[in-house]
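Chains, contacts and geometry: an overview
Listed here are the chains, written in short residue letters.
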Amino acid sequence: MQRDLGRLAQLAGILIRHGLGDLIGRLGLTGVARKAGQVLNPSDATATADLAPPQRLRMALEEMGPTFVKLGQILSTRVDLLPPTYIAELEKLRDGVPPVPFVALLEEIEAERGCPLRDDFAKIDPIPLGAGSIAQVHRAQLENGDEVVLKICRPGIRAKIEADLRLLDWLVDIAMAESAEIRRFRPDEVVAEFARSIRTELDLANEGRNAERVAENFRDCAHIHVPCVHWQWTSKIMNVQDVAAGTPGTDLEAARRAGLDLRRIAARGAEAVLQMMLVDRFFHADPHPGNVFYLPGDEIVFIDFGMVGHLSRRRRDELVDLLTGVVDRRPEAVTRILLDWADAGANPSLEARIDGFIDRVHGMPLKSLDMSALVLDLVALVREHNLVLPPDLTMLLKAFTTLDGMGRELDPEFDMVAAAQPFLRRLMLERFSPARLAHSARGNLLAGAGLMSRLPEDLGRLLTDVQQGKLSFGIEVRKLDHLMDRFDKTIMRVTLGILIAALIMGSSIVMTVIEGDLPVGLRFFAMAGFFGAVAGGLWLIWSILRGSND
């Protein structure tokens, strides 16, 4: 950790400058920064302190470097953790960083290759097409004249990201130890998922494998394209692919001038992404307009498969059940699935809120439904009840809402519900088809047969443990200390009640003696005992009433 103190102090200083100094104290960074020779002064905050907190956070992440830009992008998918204002601001983190001089890139890639890069390419444009936090892209030409793009890692990026990941692990450990509120959001799982994601993105060859997998899934679809990967030059730090020709998805006016049918493109794009999500269960996790191009004939080219999502068959089936529960007005089914996802117990208040949510959905015409808003509303209900969804689902929900927004930009009357219905119907039919049921029954039968075959051995081992005295049973009574404490208080109150009753009776008898005069002192003590007993009785009643409200 000592080797990273300087970087930690630098990050703390950035947070201070952007008016986020309260995080420094919460995470215990003040003392660490002082050890690194840097004194943090809250007065160093710049004019960004006058901006809204989401803007300040986004600007701080940009200044903190590529690791934290990527972290912000991951957090922008966690609609279950952050409110919409933060999500909208973090979505602006699109890797807009200054480019690295091409000479620096050449040194890195040629050191790995062991030969000049220009030996394999007729031309390389030193001016980048785009620069990201991890890599930047340059246009090039092969010896046969074909146009390609070279995506090359920034120099020293891997070492810098690994150092930042060590810091993040350390900060998460501190935060979870200090705050139960932070533990509720499972930051360790978020950082672990982020670390897996960014290490995968650092391997540019993996992006090529993702692209080829998607291309294979759409091999029979003539209007969906993925650029071809040139593996003879592709490695961990350089990816070589064909140029994505066509009109950029960010330039709708150019698409209109080219005579493209935007409504048809919206339908085809939605169908393609829904197939990735629900059928292939391997999907582009960031299908925004910057990652698509449009070709003549209303064809679509998808690029940039550095961030992809995986969905297990079980998770996909649960998602279908959730959507079916909304359609069939079964709030208990929707609530059960959400609680299973969040690994939480029964929550009647959540079910009541979901019931109202479903009633509102069913009261609207189909074309009036805004799927993005509905998904965000449903996730907001989950967030309000302190539940956290699994990372694979949050990435899918984010991609789903991005797709819906992109579809509405292309076609204001775009209907995501209508686009998704054929897939849901098909998946429901497949789940209960004879072949699927037979396959499931065969699997259960084999599992049962395996269990029965191991039963004699397991029983023999159990009997051996009993004979050797290795088997023991324990009974755990939860909250036993609390119950014993209440029992002790009850016994004390009963005992005190008996003493007070005896004191009242004795004092009353003494004061009502009519035969003979009592000494003044004795009569005084009798009266004092009587009034003391009354006061004790009142205190006992108050104590019992107070205890019943605990």
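Bear in mind that the values here come from a model prediction, so they are computed numbers and not experimental data. (Residues numbered from 1 in each chain as written. Predicted model: local features only at pLDDT ≥ 70, side-chain atom pairs only at ≥ 80, totals over all residues. Heavy atoms only, no water.)

Attention shifts here to the overall build of the protein. Within the protein one finds 22 helices and 11 strands. For the protein, the proportion of its 550 residues judged to be buried stands at 43%. Across the protein, contacts joining residues at least 24 apart in sequence account for 68% of those joining residues at least 6 apart. Approximately 29700 Å² of the protein is accessible, and the part contributed by carbon and sulfur atoms is 59%. (Helix = DSSP H or I, 4+ residues; strand = E, 2+ residues; numbered from the N terminus. Buried < 20%, exposed > 50% of the residue type's maximum accessible area, 1.4 Å probe, protein only. Contact = heavy atoms within 4.5 Å. Areas by Shrake-Rupley, 256 points an atom, 1.4 Å probe, with all protein chains shown as cover.)

Across the sheet, which stays open at both edges, the 4 strands sit in the order S5-S10-S9-S7 with mixed pairing between neighbours. The open sheet has two free edges, formed respectively by strand S5 (224-225) and strand S7 (247-248), since each of these has just one partner strand. Sheet topology places S7 next to strand S9 (residues 292-295); 2 bridges connect them, and they run antiparallel. Along S9, the bridge assignment pairs Thr 247 with Tyr 294. Contacting S5, S9 and strand S10 (299-302), helix H13 (residues 262-280) crosses the sheet at an angle of about 45° to S10. (Pairing = 2+ DSSP bridges. Axes fitted to C-alpha atoms, helices over the stretch in contact; angles between N-to-C directions.)

Now for the layout of surface pockets. Each pocket or cavity is described by its volume, and for the second largest pocket that value is around 1100 Å³. If you trace the second largest pocket, you find 44 residues lining it, with Val 137, Lys 151, Asn 291, Ile 303 and Asp 304 closest to the centre. Elements supplying a minimum of two residues to the lining of the second largest pocket: helix H5 (66-75), strand S2 (130-131), strand S3 (135-141), strand S4 (147-153), helix H11 (204-217), strand S6 (238-242) and helix H18 (391-410). Of the residues contributing to the lining of the second largest pocket, the split by class is 17 nonpolar, 16 polar and 11 charged. (1 Å grid on protein atoms, 1.4 Å probe; cavity = no way out; pocket = protein on both sides within 12 Å on 5 of 7 lines; lining within 4 Å. Points joined across faces, edges and corners; volume = space filled by probe spheres on them. Nonpolar A, V, L, I, M, F, W, Y, C, P; charged D, E, K, R; others polar.)

For H13, built from 19 residues, the straight-helix expectation of 27 Å at 1.5 Å per residue is met to within 8% by its first-to-last C-alpha distance of 25 Å. Taking the largest bend as the criterion, H13 deviates by roughly 25°, centred on Leu 274. Between the side-chain oxygen at the start of H13 and the backbone nitrogen of Arg 263 there is a gap of 3.2 Å, and the oxygen is on Asp 261. (Expected span 1.5 Å × (residues − 1). Bend = angle between axes of the 7 residues up to and from the residue. Polar contact = N/O pair within 3.5 Å; in protein donor to acceptor, adjacent residues only side chain to side chain.)

Attention shifts here to the packing of H13 against H18. Contact geometry of H13 with H18 gives a least axis separation of 9 Å together with a crossing angle of 170°. By the angle between their axes, H13 is roughly antiparallel relative to H18. On the side of H13, the interface is formed by Leu 262, Arg 263, Ile 265, Ala 266, Gly 269, Ala 270, Val 273, Leu 274 and Met 277, while H18 contributes Leu 396, Ala 399, Phe 400, Leu 403, Gly 407 and Leu 410. Among the residues forming the contact of H13 with H18, the class breakdown is 12 nonpolar, 2 polar and 1 charged. (Parallel < 35°, antiparallel > 145°, perpendicular 65-115°, else oblique.)

Let us now look at the pairing of S10. Pairing of S5 with S10, which is carried by 2 bridges, proceeds in the parallel orientation. Across the sheet, residue Ile 224 finds its bridge partner in S10, namely Ile 300. Pairing analysis gives 4 bridges linking S9 to S10, with the strands arranged antiparallel. Residue pairing in the sheet places Leu 295 in a bridge with Glu 299 of S10. Taking the residues between adjacent antiparallel strands as the criterion, S9 and S10 are bridged by 3 residues, where Gly 297 takes a positive phi near 85°.

Further remarks concern the environment of Arg 425. By the element assignment, Arg 425 lies in helix H19 (residues 416-431). Of the residues examined, Arg 425 reaches a relative accessible area of 51% and is grouped as exposed.

For any two aromatic rings, the description comes down to two numbers: the centre-to-centre distance and the angle of the planes. Considering all chains together, one arrives at 1 aromatic pair under this definition. When the ring centre of Phe 282 is taken as reference, the NZ or CZ atom of Arg 213 above it lies at 4.0 Å. (Phe/Tyr/Trp six-rings, centres within 6.5 Å; stacked < 30°, edge-to-face > 60°. Lys NZ or Arg CZ within 6 Å of the ring centre and 35° of its normal.)

Before going further, it helps to spend a moment on the pairing of S4. For S4, the tally of buried residues reaches 6 of 7 residues, placing the bulk of the element in the interior. Relative to S4, S3 runs antiparallel, the two sharing 7 bridges. Pairing of Ala 140 across the sheet is with Val 148, part of S4. Strand direction decides the pairing type here: S4 and S6, joined by 5 bridges, are antiparallel. Counterpart to Val 149 in the pairing with S6 is Gln 241.

Before going further, it helps to examine the pattern of salt bridges. If you walk through the whole model with that rule in mind, you get 20 salt bridges. Taking the shortest distance from any N to any O, the salt bridge between Glu 147 and Arg 139 comes out at 3.3 Å. A residue is classified by how much of its surface remains accessible, and Arg 139, at 33% relative accessible area, is partly exposed. One salt bridge in this structure joins Glu 216 and Arg 219, with 3.0 Å as the shortest N-O distance. Residue Glu 216 is classed as partly exposed on the basis of its relative accessible area, which comes to 42%. Connected through shared salt-bridge partners, Arg 58, Glu 62, Glu 89 and Lys 92 make up one network. (Salt bridge = Lys/Arg side-chain N within 4 Å of Asp/Glu carboxyl O.)

The predicted model of the protein has a mean per-residue pLDDT of 78, with 74% of residues at 70 or higher. Mean pLDDT per element in the protein: helix H3 (residues 29-35) is the minimum at 52, and S10 is the maximum at 95. Segment residues 35-40 is flagged for pLDDT under 50; beyond a separation of four residues in sequence, or across chains, it makes 13 contacts in the model. (pLDDT = per-residue confidence, 0-100.)

Looking now at the packing of helix H4 (residues 53-64) against H5. Packing of H4 against H5 brings their axes to within 5 Å, and their N-to-C directions diverge by 140°. By the angle class used here, H4 and H5 are oblique. Where H4 abuts H5, its residues Leu 61, Glu 62 and Met 64 lie against Phe 68, Val 69 and Gly 72. Looking at side-chain class alone, the contact of H4 with H5 contains 4 nonpolar, 1 polar and 1 charged residues.

With that out of the way, let us pick up the side chain of Asp 280. Inspection of the secondary structure assignment puts Asp 280 in helix H13. For the buried Asp 280, no salt bridge is present, and the opposite-charge side chain at shortest range is Arg 426, 7.2 Å distant. Those residues in contact with Asp 280, other than ones at most four positions away along the chain, are Asn 217, Phe 218 and Gln 275. (Lys, Arg positive; Asp, Glu negative; His and termini not counted.)

Side chains of Met 452, Leu 455, Leu 459, Leu 462 and Val 466 sit close together on the surface and give an oily, nonpolar patch of about 440 Å² of accessible area. Of note, Val 466 is situated in helix H20 (residues 434-467). You can call Val 466 partly exposed: its relative accessible area is 46%. (Patch = residues over 30% accessible without salt bridge, like charges linked within 9 Å, V, L, I, M, F, W, Y side chains within 5 Å.)

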